[in-house]
Amino acid sequence: MGFCFNADDCIGCRACEIACKNENQTPSGINWRKVKKISSELFLSISCNHCENPECFRVCPQRAFTKRRDGIVEIEQSLCDGCQLCVTSCPYNAPQFDPETHKVSKCQMCYPRQDAGLLPTCVEACTTNALSIVNLDKFNNPDIVSSLPGFPDIQITRPSIVFFPQKIRKRYFLF
């Protein structure tokens, strides 16, 4: 399971970011999903990518991270000692440190919603359907790519996300 992001459809409205914040009631300054403007016509909506080889999982001395059978990487906050090794090791800046609680939290792909048969709130809130969930083992589309400009290097962690790149836009002029 993983995210599928269509860069051509994202308009940067931040509905996914706001829906995530509302659903998870994250404190001020803690954003599990972020929309970044990469260029004048390209936005990226990024959260935890629930990587195949998650660095957060590997570096955590408290073993606070676990990975479910469906690929969702979870953090058990009661085990977190706030060392922030996961924060510095994640190339996607997914783990977020809360200076008030001295704990790290991150996107858990709305697994309680998914367990109830619902979509993650970011996917449900996407106004243009640029964000979706796919079964990466079965999803096969010749147009998908594993990375986009502005997305961190995927070599080490192998993130569970695929992309539809931007299409070259035709421009028409009236003379």
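The structure contained in this document is the topic of the report that follows. On a predicted model such as this, the values are computed, not experimentally measured, just so you know. (Residues numbered from 1 in each chain as written. Predicted model: local features only at pLDDT ≥ 70, side-chain atom pairs only at ≥ 80, totals over all residues. Heavy atoms only, no water.)

### A closer look at the pairing of strand β2 (residues 34-39)
Right, on to step 1. As defined by bridge partners, β2 adjoins strand β3 (residues 42-46) across five bridges and the pair is classed as antiparallel. Its bridge partner being in β3, S39 is matched across the sheet by L42.
Right, on to step 2. Between β2 and β3, which pair antiparallel in sequence order, lie two residues. (Pairing = 2+ DSSP bridges. Helix = DSSP H or I, 4+ residues; strand = E, 2+ residues; numbered from the N terminus.)

### Points about the sheet that holds strand β8 (residues 131-134)
Right, on to step 1. Here three strands make up an open sheet; going across it, the order is β8-β1-β9 and the pairing mixed. The sheet is open, and its two edges are formed by β8 and β9 (161-164), each paired on a single side. When strand polarity is set aside, the average angle formed by the axes of neighbouring strands in this sheet is 25 degrees. (Axes fitted to C-alpha atoms, helices over the stretch in contact; angles between N-to-C directions.)

### Some points on the side chain of S45
Right, on to step 1. Along the chain, the position of S45 falls in strand β3.
Right, on to step 2. A relative accessible area of 4% means that S45 is categorised as buried. (Buried < 20%, exposed > 50% of the residue type's maximum accessible area, 1.4 Å probe, protein only.)

### Considering helix α1 (residues 15-24)
Right, on to step 1. By the burial criterion, the buried members of α1 are A15, C16, E17, A19 and C20.
Right, on to step 2. Summarising the contacts, the buried residues of α1 are in contact with β2, β3, α5 (121-125) and β8.
Right, on to step 3. Backbone geometry just after α1 places Q25 at a positive phi near 50 degrees. (Contact = heavy atoms within 4.5 Å.)

### Quick look at the packing of aromatic side chains
Right, on to step 1. As enumerated under the stated definition, the model contains four aromatic pairs in all.
Right, on to step 2. Residues F5 and F163 carry aromatic rings whose centres are separated by 6.4 Å and whose planes lie at 80 degrees to one another, so their mutual orientation is edge-to-face. You can see F5 sitting in strand β1 (residues 2-6) and its partner F163 sitting in strand β9, a full 158 residues away along the chain.
Right, on to step 3. An aromatic cluster is defined as three or more aromatic residues linked by ring pairs; in this entry it consists of F5, Y92, F151 and F163.
Right, on to step 4. Residue placement shows R33 over the ring face of F3; its charged tip is 4.7 Å from the ring centre. (Phe/Tyr/Trp six-rings, centres within 6.5 Å; stacked < 30°, edge-to-face > 60°. Lys NZ or Arg CZ within 6 Å of the ring centre and 35° of its normal.)

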